[in-house]
Amino acid sequence: MGAIEDYAALVEAVEFQRERLQGPLRPDIWGGEIAKRFRADPKREMDDNFQVLASFVRPDDVFVDVGGGAGRLSLPMALRCRHAINVDPSSGMGQEFQESMAEAGIANASFVLSDWQDMDGAQGGTQGDVVHAANVTYYVRDIDRFAAKLEASASRRVIITLWSVPSPMLNAVLFKMVYGEEQAVVPGHAQLLPALWEMGILPDVRFLPQVTTFDGVPVPPNYPQSKDDAVEMASAGIWLATHHRDRGEAVVRENFQELFEECPEGFVPQWLPDAREVLITWEPGNPSQHGDNHG
Ligand SMILES: C[S@@+](CC[C@H](N)C(=O)[O-])C[C@H]1O[C@@H](n2cnc3c(N)ncnc32)[C@H](O)[C@@H]1O
């Protein structure tokens, strides 16, 4: 099997495991409470990783954020460029995006409710100067089609960012405690890069300086101050089906001593791996970044 097929097989295995353990997906899995967690003040002080991303974007640019969610990155970017467009299939994320935009008084951003793979047109999806996707590739089965569309839509640059431990796996320890088996491997940069190479794309890859923050602000995260808040924080991620919330919370309580260390700053989670953000970027049409397709 080639790298693109391997990638698809991993995404299918993740979906298969989730359906077996959690049942069919509810509509708009990214909506509701989850979408609220992805929202962040567009006028906050931005961290070093965002500054690296912003260094690729010029004031006159249209910035397309594919799967931009609640605008965590595209709304601050709108304050630094001509226009930002978020293309995302989640109406719940769209609602948070629009509210955040209105609250911050941002007028040069827009939301397109669509799956990137469903966007037609000879040239691909929504057109922009810089086309970006953060923390989306983990979920994309046909990664070659997705990446080709990113490239066809960008006049100057494509940027994909993701975590060195894919964010859906940050809670793999909790997943195993609740579901009694290892979480299926979610594809990250180690699987994405060979798939891109197979398409003849030779990107620049950078590991960004800032370690994990929960909300993009360069201060230590606020650790939960009470045991109840710690349990709630552990159970809040997308790894736990909403209808398994009680079961998840019970398991976290049972294993509390192992999962949290009580420190002066609060209850510090012990299961989170040390992850770095990975930035993968290339220029559409640049011959030095488009090698022979050896797939
Ligand atoms: C983990 S969230 C990341 C949101 C945002 N990029 C961020 O980093 O804050 C994943 C987002 O990808 C979106 N998504 C998943 N598959 C997608 C696809 N095929 N096309 C566009 N967006 C997609 C989801 O709706 C969700 O909003």
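Residues numbered from 1 in each chain as written. Predicted model: local features only at pLDDT ≥ 70, side-chain atom pairs only at ≥ 80, totals over all residues.

Enquirer: How would you sum up the overall build of the protein? Please name residues and give values.
Expert: What the protein contains, in helices and strands, is 11 helices and 9 strands. In terms of overall dimensions, the protein is globule-like: its C-alpha atoms have a radius of gyration of 19 Å, near the 19 Å expected for 295 residues. Principal axes of the C-alpha set define a box for the protein whose edges measure 55 × 50 × 35 Å. Classification of the 295 residues of the protein by burial places 38% in the buried group. Once local pairs closer than 6 in sequence are excluded, the contacts in the protein between residues at least 24 apart make up 75%. (Helix = DSSP H or I, 4+ residues; strand = E, 2+ residues; numbered from the N terminus. Rg over C-alpha atoms; globule rule 2.2 N^0.38 Å. Buried ≥ 20, exposed ≤ 12 C-beta atoms within 10 Å, placed from the backbone. Contact = placed C-beta atoms within 7 Å.)

Enquirer: Lay out the environment of Glu249 with the relevant residues and their values.
Expert: Tracing the sequence through the fold places Glu249 in helix H10 (residues 245-254). Under the C-beta neighbour-count criterion, Glu249 is labelled partly exposed, with 17 such atoms within 10 Å. Distance from Glu249 to Phe260, taken between C-alpha atoms, is 14 Å for residues 11 residues apart in sequence. The contact partners of Glu249, leaving out residues within four places of it in the chain, are Val231 and Ser235.

Enquirer: So, the site of the ligand: which residues are in play, and what are the values?
Expert: Surrounding the ligand, one finds 21 residues, the nearest of these being Gly67, Gly69, Arg72, Ser90 and Trp116. Per-class residue counts for the shell around the ligand are 12 nonpolar, 6 polar and 3 charged. (Near = placed C-beta within 6 Å. Nonpolar A, V, L, I, M, F, W, Y, C, P; charged D, E, K, R; others polar.)

Enquirer: Please set out the sheet that holds strand E3 (residues 109-113) residue by residue, giving values where relevant.
Expert: In sheet architecture, strand pairing relies on hydrogen bonds along the backbone and comes in two forms, parallel and antiparallel. The 7 strands lie next to each other as E3-E2-E1-E4-E5-E9-E6, forming an open sheet whose pairing is mixed. What marks the edges here is a single partner per strand, and that holds for E3 and strand E6 (204-211). Averaged over all pairs of adjacent strands, the angle between their axes in this sheet comes to 20°, without regard to strand direction. As paired strands, strand E1 (residues 62-66) and strand E4 (residues 128-134) are joined by 3 bridges and run parallel to one another. (Pairing = 2+ DSSP bridges. Axes fitted to C-alpha atoms, helices over the stretch in contact; angles between N-to-C directions.)

Enquirer: I'd like a rundown of helix H6 (residues 143-153), residues and numbers included.
Expert: Count 3.6 residues to each turn of an α-helix, and residues three or four apart come out pointing the same way. The element H6 is extensively covered by neighbouring structure, given that 8 of its 11 residues are classed as buried. Among the residues of H6, Ile143, Asp144, Phe146, Ala147, Lys149, Leu150, Glu151 and Ser153 are the ones counted as buried. If you follow the buried residues of H6, they end up packed against helix H1 (3-22), E1, E4, strand E5 (154-163) and helix H8 (189-198).

Enquirer: Run through unusual backbone geometry, naming residues and quoting values.
Expert: Positive phi, normally seen in glycine, also occurs at Asp28, with a value near 50°. In this fold, Asp28 is placed in the loop between H1 and helix H2 (33-37). On the basis of neighbour counts, which here come to 15 C-beta atoms within 10 Å, the residue Asp28 falls in the partly exposed class. One non-glycine residue, Asn135, lies in the positive phi region at around 60°. On the secondary structure map, Asn135 appears in the loop between E4 and H6.

Enquirer: Give me the lowdown on the packing of H1 against H8, citing residues and values where you can.
Expert: In contact at an axis separation of 8 Å, H1 and H8 are set at 140° when each is read in the N-to-C sense. Between H1 and H8, the angle is such that the two are oblique. Crossing handedness for the pair H1 and H8: left-handed. Residue-level contacts link Ala3, Ile4, Asp6, Tyr7 and Leu10 of H1 to Gln191, Pro194, Ala195 and Glu198 of H8. Taken together, the residues of the contact of H1 with H8 sort by class into 6 nonpolar, 1 polar and 2 charged. (Parallel < 35°, antiparallel > 145°, perpendicular 65-115°, else oblique. Left-handed = near helix turned anticlockwise from the far one by under 90°.)

Enquirer: Describe H8, with residues and values.
Expert: Restricting attention to buried positions, one finds in H8 the residues His189, Gln191, Leu192, Ala195 and Leu196. Projected down its long axis, H8 shows its buried positions confined to an angular sector of 160°, all on one face. Contacts made by the buried residues of H8 are with H1, H6, E5 and strand E9 (276-282). (Arc of directions from axis to C-beta.)

Enquirer: Hey, could you go over the pairing of E9 for me, with residue numbers and the actual values?
Expert: As paired strands, E5 and E9 are joined by 6 bridges and run antiparallel to one another. Paired with Leu162 across the strands is Val278, a residue of E9. With 5 bridges connecting them, E6 and E9 associate as antiparallel partners. Note that in E9 the partner of Asp204 across the bridge is Thr281.

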